[in-house]
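# Per-entry structural report
Okay, here's what each chain looks like letter by letter:
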Amino acid sequence: MGNDSSNKEVEIPLYEVFIRSANGLEHRHVGSLHAADAEMAIMNARDVYVRRNEGVSIWVVPSACITASDPSSKEMLFGPSRDKIYRHPTFYNLPEGVRNI
Amino acid sequence: MTIAREETYDAHLLSFVLRLADSALIASQRMAEWCGVAPMLEEDIALSNVALDLLGQSRHLFTYASDLEGGSRSEDDFAFLRDPHEYLNYIIAELPNGDFAQSCTKSFLFSSFAKTVWSSLLDANDSRLRDIAAKSLKETNYHVEHFSSWFIRLGDGTDTSRQKILEGLDYVWPYTNEFFDDDSILISLEGVLKMKTNTLWTKWIEGVTNVFASARIDLPSTPDFICSGKYGIHSEHLGHILAEMQYLQRAYPGGRW
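Here the structure is a predicted model, which is why all the values come from computation and not from measurement.

## Brief notes about the packing of helix 2 (residues 38–49) of chain A against helix 2 (residues 41–68) of chain B
- Between helix 2 of chain A and helix 2 of chain B, whose axes approach to 9 Å, the crossing angle comes to 65°. Our classification of the angle between helix 2 of chain A and helix 2 of chain B gives roughly perpendicular. As helix 2 of chain A packs across helix 2 of chain B, the resulting crossing turns out to be left-handed. Here N44, D47 and V48 of chain A of helix 2 of chain A lie close against helix 2 of chain B, whose contacting residues are E42, E43, I45, A46 and N49 of chain B.

## Overview of the pairing of strand 2 (residues 27–34) of chain A
Residue and element names in this part refer to chain A.
- Here 7 bridges tie strand 1 (residues 14–20) to strand 2, and the two strands are oriented antiparallel to one another. Paired with E16 across the bridge in strand 2 is S32.
- Where strand 1 hands over to strand 2, the hairpin turn is made up of 6 residues, of which G24 adopts a positive phi near 95°.

## Concerning the packing of aromatic side chains
All names here are of chain B.
- Per the stated rule, a full pass over the model turns up 17 aromatic pairs over all chains.
- Ring centres 5.3 Å apart and planes at 85° place the aromatic pair Y90 and F179 in the edge-to-face group. Pair noted here: Y90 is in the loop between helix 3 (75–80) and helix 4 (100–121) and F179 is in the loop between helix 6 (159–172) and helix 7 (184–188), with a separation of 89 residues, a long-range link.
- In this structure F179 comes out as buried when scored by relative accessible area, which is 2%.
- Of the aromatic side chains, those joined through ring pairs into one cluster are Y90, F108, F113, F151, W173, F179, F180, W204 and F212.
- Directly above the aromatic system of Y87 lies the positively charged group of R82, at a separation of 4.3 Å from the ring centroid.

## Some points on the interface of chain B and chain A
- In this complex, chain B contributes 13 residues to the contact, which on the side of chain A involves 12 residues.
- When chain B packs against chain A, close to 1,200 Å² is buried across both sides, 55% of that on carbon and sulfur atoms.
- The interface formed by chain B and chain A holds 1 salt bridge in total.
- Where R153 of chain B meets D37 of chain A, a salt bridge forms, and the shortest distance between an N and an O atom there is 3.0 Å.
- Where chain B touches chain A, the interface holds 6 residue pairs in polar contact (both at pLDDT 80 or more).
- Sorting the residues of the side of chain B that touches chain A by element identifies helix 2 and helix 5 (127–155) of chain B as the ones contributing at least two each.

## A few points about the pattern of salt bridges
Residue and element names in this part refer to chain B.
- What the rule picks out here adds up to 15 salt bridges over all chains.
- One salt bridge connects R128 with D67, and the closest N-O pair in it is separated by 2.9 Å. Remark: D67 occurs in helix 2 and R128 occurs in helix 5; sequence separation between them is 61 residues.
- By sharing partners, the salt bridges in this structure join R19, D181, D183 and K230 into a single network.

The rules behind these values
Residues numbered from 1 in each chain as written. Chains lettered and ligands numbered in written order. Predicted model: local features only at pLDDT ≥ 70, side-chain atom pairs only at ≥ 80, totals over all residues. Heavy atoms only, no water. Axes fitted to C-alpha atoms, helices over the stretch in contact; angles between N-to-C directions. Helix = DSSP H or I, 4+ residues; strand = E, 2+ residues; numbered from the N terminus. Parallel < 35°, antiparallel > 145°, perpendicular 65-115°, else oblique. Left-handed = near helix turned anticlockwise from the far one by under 90°. Contact = heavy atoms within 4.5 Å. Pairing = 2+ DSSP bridges. Phe/Tyr/Trp six-rings, centres within 6.5 Å; stacked < 30°, edge-to-face > 60°. Buried < 20%, exposed > 50% of the residue type's maximum accessible area, 1.4 Å probe, protein only. Lys NZ or Arg CZ within 6 Å of the ring centre and 35° of its normal. Buried area = accessible area lost by both parts, 1.4 Å probe. Salt bridge = Lys/Arg side-chain N within 4 Å of Asp/Glu carboxyl O. Polar contact = N/O pair within 3.5 Å; in protein donor to acceptor, adjacent residues only side chain to side chain.

Structure follows, in structure tokens:
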């Protein structure tokens, strides 16, 4: 045991998993897993995330390939939209018969 | 005359069905030993899935065996109330797991064989077996994919991983002979099963050879050793598996969930 030896071990990369639950829908992020390469990531995703018939298609992406927004930029990125209520379509009356909006 | 002939026919079919059922059940029990101790969480879940697939296959087969016998023994009776010499599984299914490389090697060779059996049974002259084969084949295709990819990855990996695969292969390979030795049951059921040992061997060795080539491992020669678990003559390991698997039913006969 001990940290010295575990630090020397090669880390197995992390992959993000996206599942499309039915034809016509988009792939959605469902979680992440460890895998040595993309092929193994697909296999692991099959076992970890689609055991109960959840999907028709799997995407895997190395987590390292994802660029995430910086939490400290939250104000700059998301703050300004908060007080611009005209960006939200709340002033319109929906005509009768229109669904799915 | 006619009745006697039908009885032998059913007894042979029952033996064949139990051979498949027992192999799946014992392989499942062995695979389940990895639950909680596999090299990583993802593999732990994968191996548990495989174990459950095998358990499901054995249940379908035991139900069929029970029907063949006229219902005198239930699915659970077959699994929990028979002694080692009544088990007809291939010995490879009861071999100890050893390390992960040995387990992958064993499961790769065994699932490749199961795949050839299920594929062949799709043409059997028996609708129950055809249905079970169709369902099991889908699962088994994945098992072959999973374990052959590990066999290649480790066999063509580092010096250590390759060494472990070679050691596992050394241990497991001789037991594959049992799949293909002379088999009176297959011969007497040829009209029903439409299955020939040499066809099974040709298909099995073809698939296995490709995987060995990808792993850059030479195919071992065929050993002289032939074991006979399928006739109820087992290794010392089966008794230990049954002791654990059957404990509850033996200690509390008739106990239910």
